[in-house]
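# A structural walkthrough
As a plain string of letters, each chain reads:
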2 protein chains.
Amino acid sequence: MRGVLTGPANQAAVRRRNLSLVLRTVAARGQISRAAVATEVKLTKATVSTLVEELLTAGLLVELGVTRPGTVGRPGLALGLNDHGLAGLGAEVGVDHLAACAVDLRGQTRARVEIDSRNRGRAPEQVMTDLAALVRATEAEVRAAGLTPAGLTVAVPGLVAPDHGTVERVPNLGWFCVSAADLLRRALLTPGTPAAEGAAPTEGTPPGSAAELPIRMENEANLGALAELWLGGHPSLGDFVHVSAEIGVGSALVIGGQLFRGARGFAGELGHVPVHPEGPPCSCGARGCLERYAGEEAVLRAAGIDPARAAIDHPGPAGRMRLLAKLAEDGDPRVQRALNGAGSALGIALSGAVNLLDPQSVVLGGALADLAPWLLPALDRELHLRVTDRQWRPECLAVSSLGRNGPLLGAAHSVIHAVLDDPPV
Amino acid sequence: MRGVLTGPANQAAVRRRNLSLVLRTVAARGQISRAAVATEVKLTKATVSTLVEELLTAGLLVELGVTRPGTVGRPGLALGLNDHGLAGLGAEVGVDHLAACAVDLRGQTRARVEIDSRNRGRAPEQVMTDLAALVRATEAEVRAAGLTPAGLTVAVPGLVAPDHGTVERVPNLGWFCVSAADLLRRALLTPGTPAAEGAAPTEGTPPGSAAELPIRMENEANLGALAELWLGGHPSLGDFVHVSAEIGVGSALVIGGQLFRGARGFAGELGHVPVHPEGPPCSCGARGCLERYAGEEAVLRAAGIDPARAAIDHPGPAGRMRLLAKLAEDGDPRVQRALNGAGSALGIALSGAVNLLDPQSVVLGGALADLAPWLLPALDRELHLRVTDRQWRPECLAVSSLGRNGPLLGAAHSVIHAVLDDPPV
């Protein structure tokens, strides 16, 4: 039962909501006059002017000059989001890489750094020390350009606790119940050396500043799905299942334009949906999970490639995925068969998900996007065969244009969306 | 982007929302004074008094006399929902039965009638003629008790179009794209004879009155889940998967206390989640769907019982399910093995659903509730084995106390909930 918004206690809530409404309207239009904002949000011009003044003062909006001719009514001063104001910092811990980036309020990427890093089995403290160096370098770059970081979100390939500070499980890193946000904050407080060759130098970075930001850990599949929602360029992507893979297979559900997290925040574990219930044992303790057919290691083995050997010969983020794509493109029949099998397993698991959830679409993201040409035929065939209550249309299956960049972009953009939802004025 | 509630255009919307808020507060408390309502909904006493007057005049609320001693503050006149006011009519089309019932605003069942009826392969017109007789009988009974029907919802074991008038598919009845609401309305306009022996007589029913009500078709699994949410007596049942079966296997998802329908209204098709992808062909065109292991026909065959023979020997709603329960209770090893297999298949499909959706609980409803003692051990075993990201706790698996009554009760109660959500004043 929802409460009614009445009384002076809620004036502040109404004001904050209206500030967000104005800011989001400007964000959606790119540039727009005060009068046009007032028409769109159905508030008086006077109210909108007051709100706009606050947003200008807070450095969230800027005046862009006279609006373009051709628009209806008298020309007015156009408003736009300030691309020299707040920035969202994003970071990513992968099994084989670390990355950080920054985006401005207009969603433009302003800095990006990525390094190879074999994180499997490393102590979380070490990983976070290296990640802190990348975050500091990114922060220094955007500060030099006149921007101020508003927050930091970190993508991790595992389950995050509802507090968004603790990482509950990343089996592929060997992390269990790690206070990751605290570790990263501590590392940011300690002036460090560059994490590894390839990292930008940290000289000149004011130590400690990123450490004072809100730090939020988030599952990479969730962030990949949000990036797809915000940046994927799909029309009306209301309800969709976003599938991604690095070493494991993950997914995220977006329902009504919102991430669906489930009762404990563990929704989206497509990788452990049973595909062949009596199949080979999975690292999770069950048998025949999707990950045993469509995870990186399973596909490599099916293609006759030794995963340990391949990890050495083809290191770095998605190194093996690129190897598989290369071999498939060259016509290697074993690799093509292996990818066909992975596509079929994905199709079986996804047809269950589609029958249960009836999403508008399924989006193949992450490293899977690179392998789409060899996965899609079998995947589509299974969906056609098994989704029978409604007609399964191939256009309901989309391939992400963001691919492996999704989680990192989603991390940085989630900070911007938090600013747009609740403007700090 | 949500709009702001401002200006005179929205005064009416605010008033309707507050009327609903008051009505729902009285519904939740049973009896409560105006002052206590005001405290609870955070509106002034004067505003609440005005709203209450409107609801009294509309016959939705009644004065119950002085509130019980022992409550804080001065005794006030207690308000309650009027159990001689509006009634919700519910009806159900099963493969082997037809039913209708009526509930009052307090949720008390005031009339109920059910008949055996072999509906498989019958023309929808005939079925609706028989159902109309039951609806008229139910309506006559509640009108005689001084109640006025507010609407009629009909539970059907298949997919309903988003307009809630057309039944898209009921393979078990042989119905495809049937304008069921129109057929029922036409049948209600035609004074009929009792549908079959066992139906209440229709003499004295004013023909045509139920025909003027809003008629809404709804999937039985959805209504079963809503009944569980409203009447099941579970504490904090926010997100759950409700599994039910008659001839087929269905399910419904309740997320955040709301039915989750999916993009086209087809969510919840658990019966066609693949369990053994290379398994036997299913009527839907796929292979190895859950229904091929846990549907009535599949369980009968696995138990060595001829489904066609059993349909003759054990007719009526859930006749075969009762037979299976009886044989299992008597220790028949084949039947016990068959039910164990069905429980295992349910567990495999549900562990996929739990991994994807992370619900608070899974509720076994419909006819499955009667078979729970023999299904649960294997079902629970599969969930334990396959839900590994979080600890699967047996108390997350509940058996419905409503069982086969869920969909019919859910149908009638959905009319009452529509009244509480938007009071007709």
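Residues numbered from 1 in each chain as written. Chains lettered and ligands numbered in written order. Predicted model: local features only at pLDDT ≥ 70, side-chain atom pairs only at ≥ 80, totals over all residues. Heavy atoms only, no water.

Under an unreviewed UniProt entry, the name given to chain A is ROK family protein, and the organism recorded is Wenjunlia vitaminophila. A UniProt comment under Sequence similarities (unreviewed entry) is attached to chain A, and it reads "Belongs to the ROK (NagC/XylR) family." (UniProt positions renumbered as here; feature names shortened; annotations may be inferred.)

Bringing the pairing of strand β5 (residues 97-104) of chain B into the picture now. All names here are of chain B. Here β5 lies mainly inside the structure; eight of its eight residues are buried. Burial along β5 is two-sided: the face carrying H97, A99, C101 and V103 and the face carrying L98, A100, A102 and D104 are both buried. Here strand β4 (residues 86-93) pairs with β5 via seven bridges, running antiparallel. When the sheet's bridge partners are listed, G88 is paired in β5 with V103. (Buried < 20%, exposed > 50% of the residue type's maximum accessible area, 1.4 Å probe, protein only. Helix = DSSP H or I, 4+ residues; strand = E, 2+ residues; numbered from the N terminus. Pairing = 2+ DSSP bridges.)

Membership of the largest hydrophobic core comes to 101 residues, with the highest contact counts inside it found for A:V243, A:L290, A:L324, A:L346, B:V243, B:L290 and B:L346. Dropping the residues within four chain positions of it, B:L346 is found in contact with B:V243, B:V249, B:L290, B:A294, B:L368, B:L375 and B:L379. (Core = buried A, V, L, I, M, F, W, Y, C linked by side-chain atoms within 4.5 Å. Contact = heavy atoms within 4.5 Å.)

Residue and element names in this part refer to chain B. What the five strands build is an open sheet, ordered β6-β5-β4-β7-β11; its pairing is mixed. Whereas interior strands pair on both sides, the edge strands pair on one side only; in this sheet they are β6 (109-116) and β11 (215-219). The average undirected angle you get between the axes of adjacent strands in this sheet is 15°. The pairing of β5 with β6 spans seven bridges and is classified as antiparallel. When the sheet's bridge partners are listed, A102 is paired in β6 with A111. Its contacts with the sheet place helix α4 (residues 124-144) against β4, β5, β6, β7 (148-156) and β11, and it is angled at close to 25° to β5. Strands in contact with helix α6 (residues 220-231) are β4, β7 and β11; relative to β11, the strand with the most contacts, it is inclined by about 90°. (Axes fitted to C-alpha atoms, helices over the stretch in contact; angles between N-to-C directions.)

The next subject is the packing of helix α10 (residues 319-329) of chain A against helix α11 (residues 333-357) of chain A. All names here are of chain A. At a minimum axis distance of 8 Å, the contact between α10 and α11 shows a crossing angle of 120°. Here α10 is positioned oblique relative to α11, judged by the angle of their axes. When you trace α10 past α11, the crossing you get is left-handed. The residues of α11 that touch α10, namely those facing L324, L327 and A328, are V335, Q336 and L339. Split by residue class, the contact of α10 with α11 holds five nonpolar, one polar and no charged. (Parallel < 35°, antiparallel > 145°, perpendicular 65-115°, else oblique. Left-handed = near helix turned anticlockwise from the far one by under 90°. Nonpolar A, V, L, I, M, F, W, Y, C, P; charged D, E, K, R; others polar.)

Below, the discussion takes up the pattern of salt bridges. A complete count under the given rule lists 42 salt bridges over all chains for this structure. The partner of A:E114 in a salt bridge is A:R404, and the shortest N-O contact between them spans 3.6 Å. In this pair, A:E114 is assigned in strand β6 (residues 109-116) and A:R404 in the loop between β16 (397-399) and α13 (406-421), connecting sequence segments 290 residues apart. The class for A:R404 is partly exposed, based on a relative accessible area of 22%. In this structure, B:E218 engages B:R261 in a salt bridge whose closest nitrogen and oxygen atoms are separated by 2.7 Å. Here the residue B:E218 occupies a position in strand β11, and B:R261 occupies one in the loop between β14 (258-260) and α7 (291-294), the gap between them amounting to 43 residues. Note on B:R261: relative accessible area 27%, which makes it partly exposed. Salt bridges linked by common partners bring A:R34, A:E53 and A:E63 together as one network. (Salt bridge = Lys/Arg side-chain N within 4 Å of Asp/Glu carboxyl O.)

Before going further, it helps to examine the layout of surface pockets. Empty space among the atoms can be located by rolling a probe the size of a water molecule over them. Looking at the largest pocket, its volume works out to about 1500 Å³. Taken together, 47 residues line the largest pocket, and the ones lying closest to its centre are B:R24, B:W230, B:H417, B:L420 and B:D421. Ranked by the residues each element gives to the lining of the largest pocket, the list is headed by helix α13 (residues 406-421) of chain B, at nine residues. Taken as a whole, the second largest pocket spans an internal volume of roughly 1200 Å³. What lines the second largest pocket is a set of 41 residues, and nearest its centre among them are A:R24, A:W230, A:H417, A:A418 and A:D421. Put simply, the parts of the chain that give the lining of the second largest pocket at least two residues each are α1 (11-29), β7 (148-156), β11 (215-219), α6 (220-231), β14 (258-260) and α13 of chain A. Sort the elements by how many residues they give to the lining of the second largest pocket and α13(A) lands first, with nine residues. Counted by class, the lining of the second largest pocket contains 22 nonpolar, eleven polar and eight charged residues. (1 Å grid on protein atoms, 1.4 Å probe; cavity = no way out; pocket = protein on both sides within 12 Å on 5 of 7 lines; lining within 4 Å. Points joined across faces, edges and corners; volume = space filled by probe spheres on them.)

What follows concerns empty space enclosed by the protein. Residues and elements named next belong to chain B. A full pass over the atoms with the stated rule returns nine cavities of 30 Å³ or more. One number sums up the size of the largest cavity: a volume of about 150 Å³. The wall of the largest cavity is formed by 18 residues, among which E220, A245, G366, R404 and P407 lie closest to the centre. The set of elements that each furnish at least two residues to the lining of the largest cavity consists of α6, β12 (240-245) and α13.

Attention now moves to the interface of chain A and chain B. Tallying the contact residues gives 58 residues for chain A and 58 residues for chain B. Together chain A and chain B conceal approximately 4900 Å² of surface at their shared face, both sides included; 58% is due to carbon and sulfur atoms. Of all residues in chain A, A:R264, A:L356 and A:D389 give up the largest surface area on contact with chain B, accounting jointly for 15% of the area buried on that side. On the surface where chain A and chain B come into contact, there are two salt bridges. In this structure, B:D358 engages A:R264 in a salt bridge whose closest nitrogen and oxygen atoms are separated by 3.1 Å. Run the count over chain A and chain B and you get 20 residue pairs in polar contact (both at pLDDT 80 or more). Counting residues per element, the side of chain A that touches chain B draws most heavily on α11(A), at seven residues. (Buried area = accessible area lost by both parts, 1.4 Å probe. Polar contact = N/O pair within 3.5 Å; in protein donor to acceptor, adjacent residues only side chain to side chain.)

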